[in-house]
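# Descriptive structure summary
Next come the chains, spelled out residue by residue.
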Amino acid sequence: MELIVFDMAGTTVHDENKVGLTLQTVLKEFGYDFSLDQINVVMGYEKPAAISILLEEKRPELINKIHQVFAAKMIAFYEQSNDVKATSNAHETIQYLRKNGIKVAFDTGFSRPIADAIFEKLNWKQGIDFDFSITSDEVEHGRPYPDMIFRAMEHFNIADASLVGKVGDTMSDLQQGENAKCGLVVGVTTGAYSREELEHHFYHYIIDDLSELKNKL
């Protein structure tokens, strides 16, 4: 492996389904009632796309309005909450990879302002704690499309996706890794999906803690 692309919320950032709960709350504010099970189906997707899928709605002004409220709530949470922390062994595993010559990138269904709020809260800095990050609003298509992985590969001049690993906690993470033809696709059970749910999708390994990744390379 030359590059590992990690998801953020639920994978490297402790979540306890805060993203899903916030999206559920915001949708209720707009008059739409969804269960967490329904919302979890689109976890990991670019958030405007997730909202559009749930609502079966194409009007961009409505989608954008809902997303703006969601983004504001998530940024406030990540800036203010003491519950925001890295998942177990996330930082240690990332540093292990980097010390062994493997580049580490983050991708996310969040927009750039939310991702930056997370990095600021965790005091994770590009070039020190990780090597690159890409958000869904910076590419044409978010997950499960492979665009963000391809952008990270371009950044590091990696042409062969078999040298790239994708690690995430949702169905869309695994689909993204499959669509990019990554040489390593790993599901992690620390987020929105259980092991049994992840097993219904393409993967090479499913792990319960990111430290297990060291033995899968």
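The protein chain appears in an unreviewed UniProt entry as HAD family hydrolase from Flavobacterium oncorhynchi.

Its domain assignment divides the protein chain into domain 1 (3–15 + 84–215) and domain 2 (18–80). One C-alpha centre belongs to domain 1, the other to domain 2, and the line joining them spans 21 Å. Taken together, the contact between domain 1 and domain 2 spans 22 residues of the former and 18 residues of the latter. Summed over the three residues of domain 1 that lose the most area to domain 2, namely Asp15, Phe110 and Ile114, the buried surface amounts to 26% of that side. Our enumeration of links across domain 1 and domain 2 arrives at zero salt bridges. Summed over the shared surface of domain 1 and domain 2, the result is nine residue pairs in polar contact (both at pLDDT 80 or more). Contributing elements (two or more residues each) for the side of domain 1 that touches domain 2: helix H6 (112–122) and helix H8 (171–179). Counting residues per element, the side of domain 1 that touches domain 2 draws most heavily on H6, at five residues. The residue inventory of the side of domain 1 that touches domain 2, partitioned by class, reads twelve nonpolar, seven polar and three charged.

Taken as a whole and judged by the stated rule, the model has eight aromatic pairs. Between Phe106 and Phe130, the aromatic rings sit 5.2 Å apart at their centres with planes inclined by 70 degrees, giving edge-to-face as the arrangement. On the criterion of sequence distance, the pair formed by Phe106 in strand E2 (residues 103–108) and Phe130 in the loop between H6 and strand E3 (132–135) is long-range, its members being 24 residues apart. There is no split in this pair, since Phe106 and Phe130 are both buried. Members of the aromatic cluster, connected to one another through ring pairs, are Phe6, Phe106, Phe119, Trp124 and Phe130. Here Lys214 stacks its cationic end above the ring of Tyr96, 5.0 Å away from the centre of that ring.

In this structure the tally under the stated criterion is eleven salt bridges. Two residues, Glu29 and Lys73, come together in a salt bridge whose shortest N-O distance is 3.4 Å. Residue Glu29 is found in helix H1 (residues 18–29), and its partner Lys73 is found in helix H4 (residues 60–80); the two are separated by 44 residues along the sequence. Linking Asp116 and Arg112 is a salt bridge whose minimum nitrogen-to-oxygen distance equals 3.1 Å. Residue Asp116 and its partner Arg112 are located together in helix H6, separated by four residues, close to a single helical turn.

Core analysis: the biggest nonpolar cluster contains 72 residues, and Leu3, Phe6, Leu27, Tyr78, Phe110 and Leu213 have the highest contact counts within it. At eight residues, the largest contribution of residues to this core is made by H4. Per-domain counts for this core show at least three residues from each of domain 1 (3–15 + 84–215) and domain 2 (18–80). Apart from residues lying up to four places away in sequence, Leu3 is in contact with Ile102, Lys103, Val104, Ala105, Ala152, Met153, Phe156, Ile158, Leu163, Val164 and Gly165.

Looking now at the layout of surface pockets. Looking at the largest pocket, its volume works out to about 190 Å³. Sort the elements by how many residues they give to the lining of the largest pocket and helix H3 (residues 47–55) lands first, with four residues. Residue classes in the lining of the largest pocket are distributed as five nonpolar, two polar and one charged.

Attention shifts here to H3. An α-helical turn contains 3.6 residues, so a residue and the one three or four places further along point in the same direction. Restricting attention to buried positions, one finds in H3 the residues Lys47, Ala50, Ile51, Ser52, Leu54 and Leu55. Next to the buried residues of H3 lie H1, helix H2 (36–40) and H4. Once H3 ends, the next one or two residues include Glu56, with phi positive near 50 degrees.

Judged by side-chain charge, Asp37, Glu196, Glu197 and Glu199 come together as a negatively charged surface patch. Looking at the element boundaries, Glu197 is found in helix H9 (residues 195–198).

The rules behind each value
- Per chain, residues are indexed from 1 in the order of the written sequence.
- The model is predicted, so local features are restricted to residues of pLDDT at least 70 and side-chain atom pairs to those at 80 or more, both for listing and for counting; the totals for chains, interfaces and linings are taken over all residues.
- Computation of side-chain values: all heavy atoms of the structure, hydrogens and water removed.
- An automatic or database domain assignment is the source of the domain bounds shown.
- A contact between two residues is defined here by any heavy atoms of the two lying within 4.5 Å.
- What gets called buried area is simply the loss in accessible area from a 1.4 Å probe that two parts show on being joined, summed for both.
- A pair is scored as a salt bridge if a Lys or Arg side-chain nitrogen falls within 4 Å of a carboxyl oxygen belonging to Asp or Glu.
- For the purposes of these results, a polar contact is taken to be a pair of N or O atoms within 3.5 Å, where, inside protein, one atom must be able to donate a hydrogen and its partner to accept one; residues adjacent in sequence count only when each atom of the pair is a side-chain atom.
- Helix and strand assignments come from DSSP, with helices taken as H or I runs of at least 4 residues and strands as E runs of at least 2, each series counted from the N terminus.
- Each residue receives one of three labels: charged for Asp, Glu, Lys and Arg, nonpolar for Ala, Val, Leu, Ile, Met, Phe, Trp, Tyr, Cys and Pro, and polar for the others, Gly being one of them.
- A pair of aromatic rings is counted whenever rings of Phe, Tyr or Trp (Trp by its six-membered ring) have centres within 6.5 Å, and the orientation is called stacked for planes under 30 degrees apart, edge-to-face for over 60 and tilted otherwise.
- Relative accessibility under 20% of the residue-type maximum defines a buried residue, over 50% an exposed one, and the middle range a partly exposed one, all with a 1.4 Å probe and only protein chains included.
- Charge-over-ring placement is defined geometrically: NZ (Lys) or CZ (Arg) within 6 Å of the ring centre, and within 35 degrees of the ring normal.
- Only buried residues count toward a nonpolar core. Its members are Ala, Val, Leu, Ile, Met, Phe, Trp, Tyr and Cys residues joined through side-chain atoms within 4.5 Å.
- Points on a 1 Å grid, built from protein atoms alone, make a cavity when a 1.4 Å probe fits but cannot get out and make a pocket when they are open with protein on both sides within 12 Å along at least 5 of 7 lines; residues with an atom within 4 Å of a point are the lining residues.
- Grid points are joined across faces, edges and corners, and a volume is the space filled by probe spheres set on the points.
- Two joining distances apply to patches: 9 Å for like charges and 5 Å for nonpolar side chains (Val, Leu, Ile, Met, Phe, Trp, Tyr), and every residue must have over 30% relative accessible area and no salt bridge.
- Only the protein chains shown count as cover for residues, with accessible areas throughout obtained via the Shrake-Rupley method and a probe of 1.4 Å.
- Within this scheme the basic residues Lys and Arg register as positive and the acidic residues Asp and Glu register as negative, but His and the chain ends are omitted.
- For this purpose, a charge sits on NZ of Lys, CZ of Arg, CG of Asp or CD of Glu.

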